[in-house]
Amino acid sequence: MHATAATALDATPVGSREAWGWRGRTLSRPVATASGEGWLRLVSAPADKAGGKLWEGPQEAERLMPPAVPRPRLRERQTWTEGEHGYLAELYDKITASTIATHEPILREAPDLDDAWWDSLSTALDAIATVPSDRVAVRQEYLNRAMPQYLGIPIVTTVPAWTTAHGDLHWANLTGPTLTVLDWEGWGAAPAGYDAAVLYSYSLLVPDTATQLRQQLAHILDTPAGQFAELAVITELLQATTRGDNLDLEEPLRRRLSAITG
């Protein structure tokens, strides 16, 4: 199907590199096109679930995100159904910088990121937060149910402030030494500070970087809204550990939970 997508979008796969997404849901490859190098990403889903928020996210980001948010530009897209599966092909500009983490969201060693990178990240997060949209990344109903269950304490679950968020801002979706923000499927409304809280939580195994991140994004994280966003993210990641994901984050997440709640 990736070859079918390449033919449809007048692209030719280059080299043997293949980038597989979570549980094989996506397959991406570098390609050559008449307008230069590109990146062809193919999404598959059961035909009755092919569409909706995740499929429209990159197209909506291309339409609405301001230039202050560095991201791969979406050139073309096509969708089709074949048999029991639906497919979405997206042709992007190729990004030459490498992702900071390669195979997982968690940071495991300190990246060499300069002040300009951190400034770009801060500017991008502030810009994303102001983008108007009716998309939703985190639902109040989920927090009402999940926060008491996975945090294990009585807690007020009402979100104090909402802003627009990328929704999946982890280290495998950011490039360096030049910042690019990848993967715009799930962006939408979330608790204010959500993106910074996600990145901080995925940094906990590298304390020096976690400390640096808190310093650089203090205007987001060191606020009551930012503290609530951390609790929301800790909820999600602790839930993920019950499914066998991110198991080595559980202990530092619980330490951070104790630090916030006392």
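Residues numbered from 1 in each chain as written. Predicted model: local features only at pLDDT ≥ 70, side-chain atom pairs only at ≥ 80, totals over all residues. Heavy atoms only, no water.

J.: Help me out: how do you make sense of the pairing of strand β5 (residues 74-82) in this one?
T.: Two faces make up the sheet, and in a regular strand the side chains alternate between them. Here β5 runs beside strand β6 (residues 85-93); their pairing, made up of eight bridges, is antiparallel. Each residue of the ladder has a partner; that of Thr79, found in β6, is Leu88. Between β5 and the antiparallel strand that follows it, β6, lie two residues; Gly83 among them carries a positive phi value of about 65 degrees. (Pairing = 2+ DSSP bridges. Helix = DSSP H or I, 4+ residues; strand = E, 2+ residues; numbered from the N terminus.)

J.: For this particular structure, what's the right way to read the pattern of salt bridges?
T.: When charged atoms on two side chains of opposite charge get close, those side chains can pair. Applying the stated rule across the entire model yields 15 salt bridges. Ionic pairing is found between Arg214 and Glu230, a salt bridge with its closest N-O pair at 2.8 Å. With Arg214 in helix α6 (residues 207-216) and Glu230 in helix α8 (residues 224-241), the pair connects residues that are 16 residues apart, well separated along the chain. Arg214 gets classed as buried once you look at its relative accessible area, which sits at 15%. The residue Glu250 makes a salt bridge to Arg254 at a minimum N-O spacing of 3.2 Å. Of this pair, Glu250 and Arg254 both sit in helix α9 (residues 250-261), four residues apart, which is roughly one turn of that helix. Since its relative accessible area comes to 37%, Arg254 is described here as partly exposed. What you see here is one network of salt bridges that share partners, running through Arg25, Arg41, Glu90 and Glu185. (Salt bridge = Lys/Arg side-chain N within 4 Å of Asp/Glu carboxyl O. Buried < 20%, exposed > 50% of the residue type's maximum accessible area, 1.4 Å probe, protein only.)

J.: Explanation requested: the environment of Leu121 in the structure shown.
T.: Counting through the fold element by element, Leu121 comes out in helix α3 (residues 115-129). Each C-alpha atom, one on Leu121 and one on Ala165, is 13 Å from the other, the two residues being 44 residues apart in sequence. Setting aside chain neighbours within four positions, we find Leu121 in contact with Leu169, Leu179, Leu199 and Leu217. (Contact = heavy atoms within 4.5 Å.)

J.: What is the right way to read empty space enclosed by the protein from this model?
T.: If a probe as big as a water molecule is rolled over the atoms, it shows which places are left empty. Here the structure, examined in full by the defined rule, presents one cavity of 30 Å³ or more. Approximately 50 Å³ is the volume found for the largest cavity. Contributing to the lining of the largest cavity are Pro58, Ala61, Glu62, Arg71, Pro72, Tyr92 and Trp184. With three residues, the single largest contributor to the lining of the largest cavity is helix α2 (residues 53-64). Partitioned by chemical class, the residues of the lining of the largest cavity number five nonpolar, no polar and two charged. (1 Å grid on protein atoms, 1.4 Å probe; cavity = no way out; pocket = protein on both sides within 12 Å on 5 of 7 lines; lining within 4 Å. Points joined across faces, edges and corners; volume = space filled by probe spheres on them. Nonpolar A, V, L, I, M, F, W, Y, C, P; charged D, E, K, R; others polar.)

J.: Explain α3 to me, please; I cannot follow it from the model alone.
T.: Because the α-helix completes a turn every 3.6 residues, residues three or four places apart line up on one side. Between the first and last C-alpha of α3 there are 21 Å, a value that for 15 residues agrees with the 21 Å anticipated at 1.5 Å per step. Listed in full, the buried residues belonging to α3 are Trp117, Trp118, Leu121, Ser122, Ala124, Leu125, Ala127 and Ile128. Where α3 is buried, its residues meet β8 (162-165), β9 (175-176), α5 (194-201), α6 and α7 (218-221). The residue sitting at the N-terminus of α3 and contributing the capping side-chain oxygen is Asp114; that oxygen lies 3.2 Å from the backbone nitrogen of Ala116. (Expected span 1.5 Å × (residues − 1). Polar contact = N/O pair within 3.5 Å; in protein donor to acceptor, adjacent residues only side chain to side chain.)

J.: I would appreciate a short explanation of the packing of aromatic side chains in the present structure.
T.: Each aromatic ring pair is described using two quantities: the centre-to-centre distance and the angle formed by the ring planes. As enumerated under the stated definition, the model contains three aromatic pairs in all. Residues Trp117 and Trp118 carry aromatic rings whose centres are separated by 5.0 Å and whose planes lie at 85 degrees to one another, so their mutual orientation is edge-to-face. Neither Trp117 nor Trp118 differs from the other in exposure class; each is buried. Geometrically, the ring pair formed by Trp117 and Trp171 is stacked, given 6.2 Å between the ring centres and 15 degrees between the ring planes. Of this pair, Trp117 sits in helix α3 while Trp171 sits in the loop between β8 and β9, and the two are 54 residues apart along the sequence. Of the two residues, Trp117 and Trp171, neither departs from the other in class, the shared state being buried. Chaining the aromatic ring pairs together yields one cluster made of Trp117, Trp118 and Trp171. Sitting over the face of the ring of Tyr200, Arg214 holds its NZ or CZ atom 4.7 Å from the ring centroid. (Phe/Tyr/Trp six-rings, centres within 6.5 Å; stacked < 30°, edge-to-face > 60°. Lys NZ or Arg CZ within 6 Å of the ring centre and 35° of its normal.)

J.: Honestly, the side chain of Thr164 in this entry has me stumped. Any pointers?
T.: Looking at where Thr164 falls in the secondary structure, it is placed in strand β8. At a separation of 2.6 Å, a polar atom in the side chain of Thr164 contacts the main-chain carbonyl oxygen of Val131.

J.: Just checking my understanding: could you explain the layout of surface pockets for this structure?
T.: Here the second largest pocket is characterised by a volume of approximately 160 Å³. Every element with two or more residues in the lining of the second largest pocket is listed here: α3, β8 and α5. Residues belonging to the lining of the second largest pocket are distributed by class as follows: seven nonpolar, three polar and two charged.

J.: What is the right way to read the nonpolar core from this model?
T.: One broad rule of soluble globular proteins: the nonpolar side chains tend to lie buried together. Residues Leu121 and Trp171 are the most contacted members of the largest nonpolar core, which totals 58 residues. Only α3, α4 (140-151), α5, α6, α7, α8 and α9 provide two or more residues apiece to this core. The element that contributes the greatest number of residues to this core is α8, accounting for eight residues. (Core = buried A, V, L, I, M, F, W, Y, C linked by side-chain atoms within 4.5 Å.)

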